[in-house]
Amino acid sequence: MPELPEVETFARSIVNAVGGRNVENAASSGLPYCRESVGTVEELLPGKVVTGYRRHGKALFLELSGGLWLYIHFGMSGRPLAFHGDEPPYTRLRIDADGTSVAIQDPRRLGGVGVIRSPDSFVSSRRRGPDALAVSEEEFLSRLKGRRAVKAALLDQSLVCGVGNLYADEVLFQNRILPVRRVDELDDDEKRGVFHWMGKALNASLDVGTDFSLLPEGMMLRDRAKDARCPNCGETWSTATVGGRTSYFCAVCQH
DNA sequence: TTTCATGTTCAGCA
DNA sequence: GTGCTGAACATGAA
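Rules and cut-offs
Residues numbered from 1 in each chain as written. Chains lettered and ligands numbered in written order. Predicted model: local features only at pLDDT ≥ 70, side-chain atom pairs only at ≥ 80, totals over all residues. Heavy atoms only, no water. Pairing = 2+ DSSP bridges. Helix = DSSP H or I, 4+ residues; strand = E, 2+ residues; numbered from the N terminus. Axes fitted to C-alpha atoms, helices over the stretch in contact; angles between N-to-C directions. Contact = heavy atoms within 4.5 Å. Domains from an automatic or database assignment. Buried area = accessible area lost by both parts, 1.4 Å probe. Salt bridge = Lys/Arg side-chain N within 4 Å of Asp/Glu carboxyl O. Polar contact = N/O pair within 3.5 Å; in protein donor to acceptor, adjacent residues only side chain to side chain. Nonpolar A, V, L, I, M, F, W, Y, C, P; charged D, E, K, R; others polar.

Undergrad: Can you help me understand the sheet that holds strand 2 (residues 50-56) in this one?
TA: Neighbouring strands of a sheet are bound in pairs by backbone hydrogen bonds; such pairs are parallel or else antiparallel. Strand order in the open sheet made by the four strands is 2-3-4-8, with antiparallel pairing throughout. Each having just a single partner strand, strand 2 and strand 8 (112-116) make up the two edges of the open sheet. Within the sheet, the average angular offset between the axes of one strand and its neighbour, ignoring direction, is 20°. Pairing between strand 2 and strand 3 (residues 59-64): six bridges, direction antiparallel. Bridged to tyrosine 53 within strand 3 is leucine 62. The sheet strands contacting helix 1 (residues 4-18) are strand 2 and strand 3, and the helix crosses strand 2 at an angle near 175°.

What follows is the structure, given as structure tokens:
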């Protein structure tokens, strides 16, 4: 599920559930710890309080009292769920705080966790680009260069952080740009359009709590499926592998 | 049974 | 260094 808007929404729900409460117990199993982790959640979380969060692209950092941060990456199938009583299936991380519990469910276990000292050094050590909702137009345009497909560029987290396969398709659809178009073949107006729709698409999803069915008409993500049709011209979506991922596009509207 | 999936990383190669 | 491909990770869903 998680690209930038999903992770932001997840963060809010986690903080809403356990933020400000004393963590009594925490447990992690089945997810790899990041290299930067200074210890396990079992030993480092009890007695702490989640006091806030930061997010960089798809990476979430929960701020803990005392100065450490809990890093969570949701991978491809991760999501949080507040619960009482029985632990939900596929729980890989759980936090119990003052009688309220949150599980991070991740069936495919492609996510990751860690207790780290600094989100800033974590982000820089992994050569991550700026967050897609924080980057300026000027910086985005200066980073958007090269010969590769524009879709591949949008997926490159060292260029900007937070855009994944679905939102990349939406951005290019809204700009009428085929995913295979090379970055160096885009004119300045097209590049600026990509920047503007990157923000618009991500914020549109945030506005509806990432419920795609509530997105405005005309957005691809309302119905990005094999048998669905372009909201502009009615053509069935085409698909192709670009940047290693399946890309949806309208062969009539996008050039 | 086979294929595909909203992610990341790394090896190999041109 | 750039950029692409394929594989790996692990598992549910179609």
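Undergrad: Would you explain the domain arrangement of chain A in this entry?
TA: It is common to give the size of an interface as the accessible area lost on bringing the parts into contact. Looking at chain A, the domain boundaries give domain 1 (4-125) and domain 2 (137-249). Of note, the centres of domain 1 and domain 2, computed from C-alpha atoms alone, are 29 Å apart. Of all residues in domain 1, Leu4, Pro5 and Lys58 bury the most surface against domain 2, accounting for 51% of the area lost on that side. Run the count over domain 1 and domain 2 and you get zero salt bridges. Applying the counting rule to domain 1 against domain 2 returns three residue pairs in polar contact (both at pLDDT 80 or more). For the side of domain 1 that touches domain 2, a count of residues per class yields three nonpolar, three polar and four charged.

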